[in-house]
Amino acid sequence: MRQILVVDDEPNIHWLFRELLKDDEVMSAGSCKEATSVLESKEPDLIMLDIRLPGQSGIEFLDTLKKERPEIPVIIMTAYGDVKTAVRAMKAGAHDYVTKPFDKEELRLIIEGALRYRTLSQEVSRLKRELEEKFHVKNIITVSPKMLDLFPIIERVSSADVSVLIQGESGTGKELVAKAIHYASPRRDRPFVAVNCAALPESLLESELFGYEEGAFTGARKRKPGRLELAQGGTVLLDEVGDLPLAVQPKILRALEEKTIDRLGGTKSVPVDVRIIAATHRDLWQEVQEGKFRNDLYFRLAVIPLHIPALRERPEDIPVLARHFLREAAISSGRMTAPPPTPSSLRRTAGKILRISDPAMDLLVGYSWPGNVRELRNVMQQVTLMADDRTGTIDPDLLPPNIRTDLRNQVGFGSWTSSPASVPTTAPPSAQSRLGITDSQVGDLKAEKDQIASEFEKERILDTLARFGGNRTKAAAALGISRRTLHSKIKKMGLAEKE
């Protein structure tokens, strides 16, 4: 049931709304003070606010509402039909206004429009929260100390509006880290735009980045904004920035330093407000030494440098990631629809178990993974499709030839063969035991990640409260949650005494 708060000092107005909106819950307040008391325990979907009230005026209360409850639409009511008052109310953030005496049908339409707006706003907020949750750093699958050490850095970097340079081999998850930074940053409500600098030729890259004016070149029939303009207020990921042509680099530097760009064929500079995150598989400093990359641009991009270790440098992640990707592939291929499995197996709808045998896991851990996490994901997708329903076990013979024969310098999976794999008849100690990882440790991965995420959340809440002098309303707005949600989190985490 929808909740509507009517703030008016005339009893007949409250009666009118209860009669008009019989299917909704109508709450009443005769003054701004009474409305404030109601809002301490209620979260209405709409507020009907009279201009003339005893004590504080409706316009003054509207200013307060827009600061503390910006997500609730407010419709101003006035008995005077004063255009100036209505304009002032709209400028102050009112969703709409109505004049007394009311036309019931007009009033109903205005109310329904405001409630639809509220519903759409809630849906947009939900989708934004899902994106933030999906790309939160806590969802990066790892038990590696090298990766876990990056989490606090990523969390701190997210709130600082500075350029970040992410370096690491192809397939290590650089874009995933870039998205984790963006969706935890104050820019998370604005676009995240990725540009692959290696995938576009120089002429096309420049027009994609900076856009062009009508008639700038043959085929330019109308103005087109570039990626930097499209990301206004958000984040631009310059993926494979090491492949950025030397001729384009000064223009990127100018965009960073002066916050302006020039469209191709344009005569006026265009202001842009974006955060730049750069990623590359190259040693960018070595590129600078060899004259392939501008040193001034390097230092402008590498304000915060991050290095993502290769998968072979964190072998303890291989069993965890392999099982995660196996489950993911089984679900996407329709071979598993059962509830989440135990850490060491995957249950299929037929009751069979899809698991990786110890000899197969040994080969996975011993392989050098030149394609890193991306390659491991692809391998798990392949073996999921090839697995026998009767056994439900991923044995060495299902693995690609280059992994079975330990061809560490061979990139690519090769072709599937029916020849027996060259593996020892007596299985050595499992890779998991060699790495010192117990089943309970693997099983506790989610709990460990949740604990890390909880600590991050506690720290962010405490920092935000401190920044706003303990004002929960302002802190909730800065955190992108409702005041009620913040109050619940403070109580649940036992933070009340720490404010």
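Conventions we followed
- Residues numbered from 1 in each chain as written.
- Predicted model: local features only at pLDDT ≥ 70, side-chain atom pairs only at ≥ 80, totals over all residues.
- Heavy atoms only, no water.
- Helix = DSSP H or I, 4+ residues; strand = E, 2+ residues; numbered from the N terminus.
- Contact = heavy atoms within 4.5 Å.
- Areas by Shrake-Rupley, 256 points an atom, 1.4 Å probe, with all protein chains shown as cover.
- Core = buried A, V, L, I, M, F, W, Y, C linked by side-chain atoms within 4.5 Å.
- Buried < 20%, exposed > 50% of the residue type's maximum accessible area, 1.4 Å probe, protein only.
- Pairing = 2+ DSSP bridges.
- Axes fitted to C-alpha atoms, helices over the stretch in contact; angles between N-to-C directions.
- 1 Å grid on protein atoms, 1.4 Å probe; cavity = no way out; pocket = protein on both sides within 12 Å on 5 of 7 lines; lining within 4 Å.
- Points joined across faces, edges and corners; volume = space filled by probe spheres on them.
- Nonpolar A, V, L, I, M, F, W, Y, C, P; charged D, E, K, R; others polar.
- pLDDT = per-residue confidence, 0-100.
- Arc of directions from axis to C-beta.
- Salt bridge = Lys/Arg side-chain N within 4 Å of Asp/Glu carboxyl O.

**Q** What should I look at first to understand the overall build of the chain in this one?
**A** The helix and strand tally for the chain stands at 22 helices and 17 strands. Sequence separation of 24 or more characterises 68% of the internal contacts of the chain that already satisfy a separation of 6 or more. If you sum the accessible surface of the chain, you get close to 25,300 Å²; carbon and sulfur atoms cover 52% of it.

**Q** Is there a simple way to explain unusual backbone geometry in this structure?
**A** Apart from glycine, the bulk of residues carry a negative phi angle, and the bulk of peptide bonds sit in the trans form. Pro 101 follows Lys 100 through a cis peptide bond whose omega is -5 degrees. The residue Pro 101 is located in the loop between strand S5 (96-99) and helix H5 (104-134) in this model. With a phi close to 50 degrees, Glu 240 is a non-glycine residue in the positive phi region.

**Q** Can you walk me through the nonpolar core in this structure?
**A** Soluble globular proteins tend to bury their nonpolar side chains together. Formed by 31 residues in total, the largest nonpolar core has its most connected members in Leu 238, Val 241 and Ile 252. Every element with two or more residues in this core is listed here: strand S7 (192-196), helix H9 (202-210), strand S10 (235-239), helix H11 (249-258), strand S13 (275-280), helix H12 (284-289) and helix H13 (295-301). Per element, the largest residue contribution to this core is four residues, and it comes from H11. In terms of nonpolar packing, the next biggest core, distinct from the first, is built from 29 residues, Phe 325, Val 365, Met 380 and Ile 394 among them.

**Q** I tried to follow the sheet that holds S13 on my own but got confused; where do I start?
**A** The pairing of strands in a sheet happens through backbone hydrogen bonds and is either parallel or antiparallel. The five strands are arranged S7-S10-S13-S6-S14 in an open sheet whose pairing can be described as parallel. The sheet is open, and its two borders are formed by S7 and strand S14 (304-307), each paired with just one other strand. Averaged over all pairs of adjacent strands, the angle between their axes in this sheet comes to 20 degrees, without regard to strand direction. Contacting strand S6 (164-167), S13 and S14, helix H7 (residues 150-159) runs over the sheet at an angle of about 150 degrees to S14.

**Q** I tried to follow the environment of Val 74 on my own but got confused; where do I start?
**A** Here Val 74 is to be found in strand S4 (residues 74-78). The class for Val 74 is buried, based on a relative accessible area of 1%. Residues Val 74 and Ala 94, spaced 20 residues apart in sequence, show a C-alpha to C-alpha distance of 5.2 Å. Those residues in contact with Val 74, other than ones at most four positions away along the chain, are Ile 47, Leu 49, Leu 62, Leu 65, Lys 66, Ala 94, His 95 and Asp 96.

**Q** Looking at this structure, I do not really get the layout of surface pockets. What am I missing?
**A** Empty pockets left among the atoms are what a rolling probe the size of a water molecule brings to light. Each pocket or cavity is described by its volume, and for the second largest pocket that value is around 680 Å³. Gly 173, Leu 176, Phe 325, Val 373 and Arg 377 are, among the 24 residues lining the second largest pocket, the residues nearest its centre. Sorting the residues of the lining of the second largest pocket by element identifies helix H8 (174-183), helix H14 (317-332) and helix H16 (372-386) as the ones contributing at least two each. Taken together, the residues of the lining of the second largest pocket break down into eight nonpolar, seven polar and nine charged.

**Q** Which parts of the structure should I look at to understand the confidence of the model for the chain?
**A** The predicted structure's coordinates, where accompanied by low pLDDT, should not be read in detail. Mean pLDDT over the chain stands at 82; residues scoring 70 or higher make up 82%. With pLDDT under 50 throughout, residues 338-351 is counted as low confidence; its partners more than four residues away or in other chains account for 32 contacts. Counting interchain partners and residues more than four positions distant, the pLDDT-below-50 stretch residues 407-432 has 46 contacts.

**Q** How should helix H2 (residues 32-39) be read in this particular structure?
**A** An α-helix turns once per 3.6 residues; consequently, residues spaced three or four apart project the same way. Among the residues making up H2, those that are buried are Cys 32, Ala 35, Val 38 and Leu 39. Down the axis of H2, the sector holding all buried residues measures 115 degrees, keeping them to one side. Where H2 is buried, its residues contact strand S1 (3-7), strand S2 (25-29), strand S3 (46-50) and helix H3 (58-68).

**Q** Whenever I open this one, the pattern of salt bridges confuses me. Can you help?
**A** Two side chains of opposite charge can pair, provided their charged atoms sit close to one another. What the rule picks out here adds up to 26 salt bridges. For Asp 243, the salt bridge is made with Arg 282, and the minimal N-O distance between the two is 2.6 Å. A residue pair is termed long-range when its members are at least 10 positions apart, and Asp 243 in the loop between S10 and H11 and Arg 282 in the loop between S13 and H12 qualify at 39 residues. Among the residues examined, Arg 282 registers a relative accessible area of 29% and is labelled partly exposed.

**Q** Where do I start with empty space enclosed by the protein in this structure?
**A** Under the definition given, this model contains one cavity of 30 Å³ or more. Taken as a whole, the largest cavity holds about 60 Å³ of empty space. In terms of lining, the largest cavity is formed by Leu 228, Ile 252, Ala 255, Leu 256, Lys 259, Val 274 and Ile 276. Here the lining of the largest cavity takes three residues from H11, the largest share from any one element. For the lining of the largest cavity, the class distribution of residues is six nonpolar, no polar and one charged.

**Q** For this particular structure, what's the right way to read H11?
**A** Every buried residue belonging to H11 is among Gln 249, Ile 252, Leu 253, Ala 255 and Leu 256, and all of these are buried. Down the axis of H11, the smallest arc covering the buried residues is 160 degrees, so these residues share one side. Looking at the buried residues of H11, the elements they touch are H9, helix H10 (227-230), S10, strand S11 (260-262), S13 and H13. Immediately beyond the C-terminal end of H11, within one or two residues, lies Lys 259, with a positive phi of roughly 60 degrees.

**Q** Where do I start with the sheet that holds S3 in this structure?
**A** A sheet is described by the order of its strands in space; here five strands give the open sequence S2-S1-S3-S4-S5, paired in parallel fashion. Sheet topology places S2 and S5 at the edges, where each strand pairs with a single neighbour. Neighbour-to-neighbour, the strand axes of this sheet turn through a mean angle of 20 degrees, independent of strand direction. Pairing of S1 with S3 involves four bridges; the strand directions are parallel. Bridging from a neighbouring strand, Val 7 pairs with Leu 49 of S3. Along the sheet, H2 makes contact with S1, S2 and S3, crossing S1 at roughly 160 degrees. Relative to S3, H3 is tilted by about 155 degrees, and along the sheet it contacts S3 and S4.

**Q** Help me understand the pairing of S13 in this model?
**A** On any regular strand, side chains alternate: one points to one face of the sheet, the next to the other face. Of all six residues in S13, six are buried; the element is thus mostly enclosed. Relative to S13, S6 runs parallel, the two sharing four bridges. Across the sheet, residue Val 164 finds its bridge partner in S13, namely Ile 277. Here five bridges tie S10 to S13, and the two strands are oriented parallel to one another. Bridge pairing links Thr 235 to Arg 275 in S13.

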